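Descriptive structure summary
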Amino acid sequence: MANDWLLLFPEKVRALLGGLPAALLDKVEEIRVREGRPLEINYSGKYHFIGAGGTLTQLPGGAYRPDREDTHRLLDLISNHSLYTMEEELRKGFITIPGGHRIGLCGRTVLSGGGVEHLRDITGFNVRIAREVHGIADGVLPYLLDRGRQRVMHTLILSPPQHGKTTLLRDLARQLSAGTSGGREGSRPGLKVGIVDERSEIAGSRRGIPAFDVGPRTDILDGCPKAEGMMMMIRSLSPDVLIADEIGRMEDAEAVTEALHAGISVVASAHGKEVSELARRPGLGGLLEHRMFERYVILHRGASGLSFRILDAQKRGLLLVSPEQQPVSGGDRHA
């Protein structure tokens, strides 16, 4: 059903959300539930509180305030009535549920050995809605193809959170895997695509089956750490293209380097506003210094929608695409 994510919420909150106009529900990106504080949504970069009857307001005093029953019920629903089985997710501070929706959690941290062991007394939730947008990669993909060598160029997609990185990666995987049989740009064979989906967000897999269309020749390692997953893919699944979301650690950089040396194209994403910011990070800095990436796609989300810039290995601009030139995306929902 459309907007089946509404079923995640306890009855009172679901009724308020269900009272919103259908067109607005289709754009919702985040729902923030904070016990004893105003219920808030984010859509198209706009933030509103929700009042009685599903009305939107900028005034927190007129908003619905979820109570203890609401938050306990929400935690029960998203954990499938079995919170003790989600210890690893509680340690990381988020739960990814079927459909690729990620739910950030706030509460009291329990420490062990100087690190977070898990969360307790959870009273804050940020539900980030995942959606696929077929065609969002149409304007980007031609600039990532090395047609002379019949390969995909090593690419890093860059933006702050919630700007469209995961949505773009998902559609790139679909298009690269499916290939084309003709049209304006001629035929392009489908490639073997490997997705290392550490947070179960790109493919939204449930019991190993992707909820999103990521292409007919795509293999997915679901819930697997990126560095380890990339090495597993290299050794056993012979991908033409490796896709990973939110790289940044030193071990991620080492796995990317190994893939490049193995002749495998890498398309990955990272948090940041500009390429220059990445040079100061221990993991990504070395990749940039050695010009491992041949293309950079920088996403920007303004009042008029999503736009992107494409740079080459020398950080020279190749293309700027404005919102009106591409399909409308509801944003990354998971970036």
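Everything discussed here concerns the structure shown above.
Let us look at the structure shown here. (Residues numbered from 1 in each chain as written. Predicted model: local features only at pLDDT ≥ 70, side-chain atom pairs only at ≥ 80, totals over all residues. Heavy atoms only, no water.)

Once that is clear, we can look at the overall build of the chain. Across its full length, the chain holds nine helices and 19 strands. Projected onto its principal axes, the C-alpha positions of the chain cover 60 × 50 × 35 Å. Split into buried and exposed, the 335 residues of the chain put 54% on the buried side. Taking the intrachain contacts of the chain between residues at least 6 apart in sequence as the baseline, contacts between residues at least 24 apart amount to 60%. As displayed, the chain offers around 15,400 Å² of accessible surface, 51% of which is attributable to carbon and sulfur atoms. With 43 positive and 42 negative side-chain charges, the chain shows a spacing of 3 Å between the two charge centroids. (Helix = DSSP H or I, 4+ residues; strand = E, 2+ residues; numbered from the N terminus. Buried < 20%, exposed > 50% of the residue type's maximum accessible area, 1.4 Å probe, protein only. Contact = heavy atoms within 4.5 Å. Areas by Shrake-Rupley, 256 points an atom, 1.4 Å probe, with all protein chains shown as cover. Lys, Arg positive; Asp, Glu negative; His and termini not counted. Charge placed at Lys NZ, Arg CZ, Asp CG, Glu CD.)

This paragraph deals with the environment of Glu201. The topology assignment puts Glu201 in the loop between strand E13 (193-197) and strand E14 (218-222). It is 9.7 Å that separates the C-alpha atoms of Glu201 and Ala211, two residues lying ten residues apart in sequence.

Moving on, we come to the nonpolar core. Grouped together as the largest cluster of nonpolar side chains are 32 residues, with contacts concentrated most on Leu156, Leu242, Ile247, Val256 and Phe293. Of all elements in the fold, only strand E10 (155-159), helix H6 (226-236), strand E15 (241-244), helix H7 (250-261), strand E16 (265-271), helix H8 (275-278), helix H9 (282-289) and strand E17 (295-302) reach the threshold of two or more residues within this core. Apart from residues no more than four positions distant in its own chain, Phe293 is found in contact with His154, Thr155, Leu156, Ile247, Val256, Leu287, Leu288 and Ala313. Residues Leu24, Leu74, Ile78 and Phe125 belong to the second largest nonpolar core, which totals 31 residues. (Core = buried A, V, L, I, M, F, W, Y, C linked by side-chain atoms within 4.5 Å.)

A word on the side chain of Ser200. Assignment of secondary structure puts Ser200 in the loop between E13 and E14. On the basis of relative accessibility, which here comes to 13%, the residue Ser200 falls in the buried class. A polar contact is formed between the side chain of Ser200 and the side chain of Asp222, at a distance of 2.8 Å. (Polar contact = N/O pair within 3.5 Å; in protein donor to acceptor, adjacent residues only side chain to side chain.)

What follows concerns H6. Here H6 has its buried residues at Lys226, Ala227, Gly229, Met230, Met231, Met233 and Ile234. Where H6 is buried, its residues contact E13, E14, E15 and H7. Residue Ser238 follows H6 closely and has a positive phi angle near 45°.

Glancing now at the pairing of strand E7 (residues 115-128). Note that strand E1 (residues 28-34) and E7 share five bridges and pair antiparallel. What sits directly across from Glu30, in E7, is Arg128. Both strand E6 (residues 101-112) and E7 contribute to a ladder of ten bridges, which runs antiparallel. Along E7, the bridge assignment pairs Ile103 with Val127. Hairpin connection from E6 to E7: two residues lie between these consecutive antiparallel strands, with Gly113 at a positive phi of about 60°. (Pairing = 2+ DSSP bridges.)

With that out of the way, let us pick up the sheet that holds E1. Taken together, the seven strands give an open sheet; going across it, the order is E4-E3-E2-E1-E7-E6-E5, and neighbouring strands pair in antiparallel fashion. Here the strands that pair on one side only, and so sit at the sheet edges, are strand E4 (56-57) and strand E5 (94-97). Sheet topology places E5 next to E6; four bridges connect them, and they run antiparallel. Looking at the pairing, Ile97 lines up with His101 of E6. Here helix H3 (residues 68-78) sits on the sheet in contact with E1, E5, E6 and E7, set at roughly 100° to E7. (Axes fitted to C-alpha atoms, helices over the stretch in contact; angles between N-to-C directions.)

This paragraph deals with H7. Here H7 spans 17 Å end to end across twelve residues, near enough to the 16 Å set by a 1.5 Å rise per residue. Those residues of H7 lying buried are Asp252, Ala253, Ala255, Val256, Ala259 and Leu260. The arc that holds the buried residues of H7, viewed along the axis, is 165°, so those residues lie on one side. Structural note: H7 exposes Glu254 and His261 on the side pointing more than 90 degrees away from its buried face. Tucked into the core, H7 has its buried residues touching H6, E15, E16 and H9. (Expected span 1.5 Å × (residues − 1). Arc of directions from axis to C-beta.)

Taken as a whole, this structure holds 20 salt bridges when the rule is applied. Between Asp70 and Lys12 there is a salt bridge, and its shortest N-O distance comes to 3.9 Å. Here Asp70, found in helix H3, pairs with Lys12, found in helix H1 (residues 11-18); they are 58 residues apart in sequence, far enough to count as distant. Of the residues examined, Asp70 reaches a relative accessible area of 2% and is grouped as buried. Its salt-bridge partner being Arg68, residue Glu35 comes within 2.6 Å of it at the nearest N-O pair. On the criterion of sequence distance, the pair formed by Glu35 in the loop between E1 and strand E2 (40-43) and Arg68 in helix H3 is long-range, its members being 33 residues apart. Given the relative accessible area of 19%, Glu35 is considered buried. (Salt bridge = Lys/Arg side-chain N within 4 Å of Asp/Glu carboxyl O.)

With that settled, the discussion passes to the packing of H6 against H7. Interhelical geometry of H6 versus H7 gives an angle of 15° and a closest axis separation of 8 Å. Our classification of the angle between H6 and H7 gives roughly parallel. Our pair here, H6 against H7, has a crossing hand that is left-handed. For the pair H6 and H7, the contacting residues are Lys226, Ala227, Met230, Met231 and Ile234 in the first and Glu251, Asp252, Ala255, Val256, Glu258 and Ala259 in the second. (Parallel < 35°, antiparallel > 145°, perpendicular 65-115°, else oblique. Left-handed = near helix turned anticlockwise from the far one by under 90°.)

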